[in-house]
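The chain contents come next:
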Amino acid sequence: MEHLKIASDNYVAFTFFIGTMAMMAASVFFFFELGNTNAKWRTSVLVSGLITFIAAVHYYYMRGYNLATGDSPTFFRYVDWILTVPLMCVEFYLITKKAGAKISLLWKLILASLVMLVTGYFGETIDRGSSVMWGVISGAAYFYIAYLVWFGEVANLAQTAGKQVAKATRVLAWFVLVGWAIYPLGYILGTPGGLFGIQLVADPAAASHAMDIVYNIADAINKIGFGLVIYTLSRNED
Ligand SMILES: *C/C=C(C)/C=C/C=C(C)/C=C/C1=C(C)CCCC1(C)C
């Protein structure tokens with residue numbers, strides 16, 4: 001069997017490796033902290049751990065795949081997102097539940113996130129020729145989620161759920177608006193010929209590498225950051 005080594009100039013493989021370690025460490029942290037988390041917040045912190053754990057397993061696989069083939073592990077990237085993004089929606093639901101969030105709100109968030117991801121997947125794989133159209137549909141679903149957490153039901157419920165929940169929701173809303181906006185940038189970088197006439201990286205291999213680095217950085221910020229906001233909330237509110 002061939003022994004694979006990360007070349008010192010292989011930043012893609014390096015970010016996959018660091019991503020795997022960071023997701024693993026975050027999962028251990030959230031799971032071990034469950035024991036001294038107030039019962040009221042335990043499910044939320046558990047979900048934070050599940051998000052980073054699911055990502056850790058996918059990153060472990062994607063890291064190996066990328067090192068062995070040099071390609072983007074697009075399929076497993078999207079499997080990871082389809083599992084973890086709805087769990088982030090669950091986090092919004094859980095923290096606003098005591099202020100009266102209904103299950104229909106959770107379904108709205110989950111449905112929008114599935115539309116966002118499935119259309120993104122089409123644009124990246126099955127129907128690359130129409131990647132602009134898929135990107136626009138995906139972007140619309142993304143803005144709907146951002147709307148819900150900034151001005152819609154999530155924001156309104158958070159206002160009545162107490163000061164700490166309101167504060168945490170505001171920070172999470174920033175994650176959605178700024179942290180999640182990094183992903184469409186990765187999508188544009190990785191699209192052959194560019195999007196909307198934006199040709200950021202001309203060479204197709206370099207474009208897909210740039211996309212992977214951007215996605216890996218975004219995942220670390222968003223998955224671990226989201227979890228830490230929930231964790232902080234669980235320590236501030238009792
Ligand atoms: C843990 C993974 C997360 C938080 C993934 C989030 C992914 C997105 C917000 C992706 C959004 C996209 C668009 C808004 C348009 C282009 C296609 C996507 C799927 C990259």
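Because the structure is predicted, anything quoted here is derived from the model rather than measured. (Residues numbered from 1 in each chain as written. Predicted model: local features only at pLDDT ≥ 70, side-chain atom pairs only at ≥ 80, totals over all residues. Heavy atoms only, no water.)

A.B. asks: Please set out the overall build of the protein residue by residue, giving values where relevant.
C.D. replies: Of regular secondary structure, the protein possesses nine helices and zero strands. Helices and strands appear in the protein in the N-to-C order α-α-α-α-α-α-α-α-α. Each of the three principal axes of the protein carries a C-alpha extent, and together these read 50 × 40 × 20 Å. A burial count over the protein gives 50% of its 238 residues as buried. Of the contacts made within the protein by residues no fewer than 6 positions apart, 76% connect residues no fewer than 24 positions apart. As displayed, the protein offers around 11400 Å² of accessible surface, 70% of which is attributable to carbon and sulfur atoms. Averaging the coordinates of the 15 positive side-chain charges in the protein and doing the same for the 14 negative ones gives two points 13 Å apart. (Helix = DSSP H or I, 4+ residues; strand = E, 2+ residues; numbered from the N terminus. Buried < 20%, exposed > 50% of the residue type's maximum accessible area, 1.4 Å probe, protein only. Contact = heavy atoms within 4.5 Å. Areas by Shrake-Rupley, 256 points an atom, 1.4 Å probe, with all protein chains shown as cover. Lys, Arg positive; Asp, Glu negative; His and termini not counted. Charge placed at Lys NZ, Arg CZ, Asp CG, Glu CD.)

A.B. asks: So what about the site of the ligand? Which residues, and what values?
C.D. replies: Taken together, 17 residues lie near the ligand, and Trp81, Met116, Ser138, Tyr183 and Lys223 sit nearest. Contact with the protein chains covers 99% of the free accessible surface of the ligand, which is 530 Å². For the shell around the ligand, the elements supplying multiple residues, two or more each, are α3 (74-97), α4 (103-126), α5 (131-150), α8 (182-190) and α9 (204-236). Counted by class, the shell around the ligand contains eleven nonpolar, four polar and two charged residues. (Near = heavy atom within 4 Å. Nonpolar A, V, L, I, M, F, W, Y, C, P; charged D, E, K, R; others polar.)

A.B. asks: Lay out the pattern of salt bridges with the relevant residues and their values.
C.D. replies: One pass over the full model with this rule turns up six salt bridges. The partner of Asp219 in a salt bridge is Lys223, and the shortest N-O contact between them spans 3.2 Å. A residue pair is termed a helical-turn pair when its members lie 3 or 4 positions apart in one helix, as Asp219 and Lys223 do in helix α9 at four residues. Judged by its relative accessible area of 0%, Asp219 falls in the buried class. What you see here is one network of salt bridges that share partners, running through Arg77, Asp80, Asp212, Asp219 and Lys223. (Salt bridge = Lys/Arg side-chain N within 4 Å of Asp/Glu carboxyl O.)

A.B. asks: How would you sum up the side chain of Thr191? Please name residues and give values.
C.D. replies: Within the element layout of this structure, Thr191 appears in the loop between α8 and α9. Among the polar contacts made by the side chain of Thr191, one reaches the main-chain carbonyl oxygen of Tyr187 at a distance of 2.6 Å. For Thr191, the residues in contact, after removing those within four places along its chain, are Arg128 and Ser131. (Polar contact = N/O pair within 3.5 Å; in protein donor to acceptor, adjacent residues only side chain to side chain.)

A.B. asks: Could you give an account of a nonpolar patch on the surface, naming the residues involved and the relevant values?
C.D. replies: Together, Ile6, Phe14, Phe17, Ile18, Met21, Met24 and Tyr60 line one region of the surface with nonpolar side chains, adding up to about 650 Å² of accessible area. Of the residues forming the nonpolar patch, the biggest block, five residues, is contributed by helix α1 (residues 11-33). Structurally, Met21 can be placed in helix α1. A residue is classified by how much of its surface remains accessible, and Met21, at 44% relative accessible area, is partly exposed. (Patch = residues over 30% accessible without salt bridge, like charges linked within 9 Å, V, L, I, M, F, W, Y side chains within 5 Å.)

A.B. asks: Describe the side chain of Lys223, and please don't skip the residues or the numbers.
C.D. replies: On the basis of relative accessible area, Lys223 is assigned to the buried category, the value being 2%. Once you skip the residues sitting within four places of it in the chain, Lys223 turns out to touch Met23, Ile51, Thr52, Ala55, Asp80, Trp81, Thr84, Met88 and Tyr183.

A.B. asks: Describe helix α6 (residues 153-160), with residues and values.
C.D. replies: For α6, the complete set of buried residues consists of Val154, Ala155, Leu157 and Ala158. Looking down the long axis of α6, one finds its buried residues gathered within 170° of arc, a one-sided arrangement. Away from the buried face of α6 by more than 90 degrees, exposed residues Asn156, Gln159 and Thr160 are located. Summarising the contacts, the buried residues of α6 are in contact with α3, α4, α5 and α7 (163-179). Of the residues trailing α6, Gly162 is marked for its positive phi of about 105°. (Arc of directions from axis to C-beta.)

A.B. asks: Could you give me a rundown of the packing of aromatic side chains, with the residues and numbers involved?
C.D. replies: For the coordinates displayed, the defined rule picks out 20 aromatic pairs. Where Trp150 meets Trp174, the ring centres are 5.0 Å apart and the plane angle is 85°; that geometry is what we call edge-to-face. With Trp150 in helix α5 and Trp174 in helix α7, the pair connects residues that are 24 residues apart, well separated along the chain. (Phe/Tyr/Trp six-rings, centres within 6.5 Å; stacked < 30°, edge-to-face > 60°.)

A.B. asks: Please give an account of α3 that cites residues and values.
C.D. replies: A rise of 1.5 Å per residue sets the reference length of α3, with its 24 residues, at 34 Å; its end C-alpha atoms lie 34 Å apart and thus fit the reference within 8%. Burial of α3 is extensive: 17 of the 24 residues sit out of reach of the surface. (Expected span 1.5 Å × (residues − 1).)

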